[in-house]
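# Chains, contacts and geometry: an overview
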Amino acid sequence: MVKKLVIAVLAAATSVAAPAASRVRLIYGKGWNKASEDVKKTLESSAFKSAAKGKYIVEFVDWQGGNLPEGNLGSLKVPCIFVVDEKDRCYFVFENIPNDYTAEKFIKAFDKVNQRRKKIEDAGMDTADQCGKLLQSMEMFVGGPKRIISKGFYSDVFDKLVRLDPGDQEGWQRHFKMGDGIELVIKANEFREKGDMAGGARFIDAEMKKPRKHLTREQQQGLLMAKFALYREDASKKDEMMTLLTKVAALDENTFWGTCALGWLNWKGTPPPSTYWGWHQGDFKGPQINAEIKYGVSYAFRRAGEYTIDFEPDGGNINIQSVGLYAGDEEIAVLRKQPFTFKLERAYAGKIDKLVVKGTTGSDTSGKIKIHRQVLRPRKGK
């Protein structure tokens, strides 16, 4: 019974739905998930029906746990909503819904994606590029490239894309089927472990020659990490591989591959200056210091609040005179007085991605960079 209910999430439309209406399918847990029962009450309310204006018909699936059937949607985070169009294509997945979400908020969220979907579809899907752009624009709302092309989502559009570009000259098929690149890395590892470096080189060369213009940042990183996986134990290519790892981390340190690249750089003994590991000898070259710290910065300033930035040398003579904070090319602040304190507004939380450190030093030092966020408010009168 449970499996039948879960399968119904992506089942054909019921006769209840109006021809042009989308179905809003709520997966909830009666008797064991209070948050989902609260969401159900909101979707059953007259306020939701009034705000929906016939555009959304609500369906409920009581899920009591157990194994999901083959071809499932991945992790099911109850309460969860699937919004499905008149052609039985899911275009919006809403997981871990707050229990205080109002009817108006739901309709606003549904409308935002629905209107975007219709606008792109109305532009036509006569070419592989048009199909690819539609799929790419929707993947973020359902959980990624692989999910959007699966059955119950937009597999029909992907099938059309394949027919229009069977040789994948545009590179869209690669975008949707490559995942995060883990399969490429595993394959490259196998070549190295077997000692078939020539075969591995041909494999990497072939992958590099395929169209790359539609790859995500993480997919680009995965492609580079496959090359590193093949040559990571080749002493003659050490410098080249260190440059490659730096390039991967620079693309985005917060992805799986970005974090992996930073870890390898640290393990290999050539970590870049960062808030994770501080600075090393040679990073703050004297006598004048003019250095950039990029790694770990956005994570360190991910929340609004008051911060203190400390530089703690392991020894030696160092004088930090100013710290500049940047979001891209925008200068947010320049701190010139120690202790270096800074109040981060909510608008810039998670956006500061670079520190520019200036000062002087009488020795080639190493040390730690500590960024503290004040959590407790000072007591009155203290």
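See the structure above.
## What to know about the packing of aromatic side chains
The tally for this structure, following the rule as stated, stands at 21 aromatic pairs. Relative to tyrosine 307, the ring of phenylalanine 301 has its centre 4.8 Å away and its plane inclined at 55°; by these criteria the two rings are tilted. The residues phenylalanine 301 and tyrosine 307 share a single accessibility class, namely buried. One aromatic cluster is present, formed by Tyr56, Phe92, Phe94, Tyr101, Phe106, Phe110 and Phe141 through successive ring pairs. Between lysine 237 and the ring centre of tyrosine 231, over which it is positioned, the NZ or CZ distance is 4.9 Å.

## Section: helix α2 (residues 34-44)
Regarding α2, the residues found buried are Ser36, Asp38, Val39, Lys40, Thr42 and Leu43. In the core, the buried residues of α2 are packed alongside β1 (22-28), α3 (46-52), β2 (56-62), β3 (80-84) and α4 (103-122).

## Observations regarding the side chain of glutamine 219
On the secondary structure map, glutamine 219 appears in helix α11 (residues 217-231). When its relative accessible area of 1% is taken as the criterion, glutamine 219 is described as buried. At 2.8 Å, the side chain of glutamine 219 forms a polar contact with the backbone nitrogen of threonine 216. Setting aside residues no more than four positions away along its own chain, glutamine 219 makes contact with Arg174, His175, Met178, Gly179, Asp180 and His214.

## Things to note about a nonpolar patch on the surface
Where nonpolar side chains cluster on the molecular surface, the patch consists of Ile182, Ile186 and Phe256 and spans about 270 Å² of accessible area. With respect to the helices and strands, the residue isoleucine 182 is situated in helix α9 (residues 182-194). Using a relative accessible area of 35% as the deciding quantity, one classes isoleucine 182 as partly exposed.

## Here's the deal with the nonpolar core
Counting residues in each nonpolar core, the largest one holds 47 residues, and the members touching the most others are Phe48, Tyr56, Ile81, Phe92, Phe106, Phe110 and Leu135. A per-element tally of this core places α4 first, with 6 residues. Excluding its chain neighbours within four sequence positions, the residues that come into contact with phenylalanine 48 are Thr42, Leu43, Tyr56, Val58, Ala103, Phe106, Ile107 and Phe110. Core analysis: the second largest hydrophobic core is formed by 28 residues, Ala188, Phe203, Met241 and Tyr295 among them.

## Description of the pairing of strand β8 (residues 330-335)
Inspection of the sheet shows strand β7 (residues 318-327) paired to β8 by 5 bridges, in the antiparallel sense. Across the sheet, residue tyrosine 326 finds its bridge partner in β8, namely glutamate 331.

## A word on the sheet that holds strand β4 (residues 90-95)
Read across the sheet, 4 strands follow the order β2-β1-β3-β4 without closing on themselves; strand pairing throughout is mixed. Of all the strands in the sheet, the pair left with one neighbour each is β2 and β4. This sheet shows a mean twist of 20° between the axes of neighbouring strands, independent of strand direction. Pairing of β1 with β3, which is carried by 5 bridges, proceeds in the antiparallel orientation. Bridge pairing in β3 places arginine 23 opposite valine 84. Along the sheet face, α2 touches β1, β2 and β3 and points at about 155° away from the line of β1.

Conventions and cut-offs
- Residues numbered from 1 in each chain as written.
- Predicted model: local features only at pLDDT ≥ 70, side-chain atom pairs only at ≥ 80, totals over all residues.
- Heavy atoms only, no water.
- Phe/Tyr/Trp six-rings, centres within 6.5 Å; stacked < 30°, edge-to-face > 60°.
- Buried < 20%, exposed > 50% of the residue type's maximum accessible area, 1.4 Å probe, protein only.
- Lys NZ or Arg CZ within 6 Å of the ring centre and 35° of its normal.
- Helix = DSSP H or I, 4+ residues; strand = E, 2+ residues; numbered from the N terminus.
- Contact = heavy atoms within 4.5 Å.
- Polar contact = N/O pair within 3.5 Å; in protein donor to acceptor, adjacent residues only side chain to side chain.
- Patch = residues over 30% accessible without salt bridge, like charges linked within 9 Å, V, L, I, M, F, W, Y side chains within 5 Å.
- Areas by Shrake-Rupley, 256 points an atom, 1.4 Å probe, with all protein chains shown as cover.
- Salt bridge = Lys/Arg side-chain N within 4 Å of Asp/Glu carboxyl O.
- Core = buried A, V, L, I, M, F, W, Y, C linked by side-chain atoms within 4.5 Å.
- Pairing = 2+ DSSP bridges.
- Axes fitted to C-alpha atoms, helices over the stretch in contact; angles between N-to-C directions.

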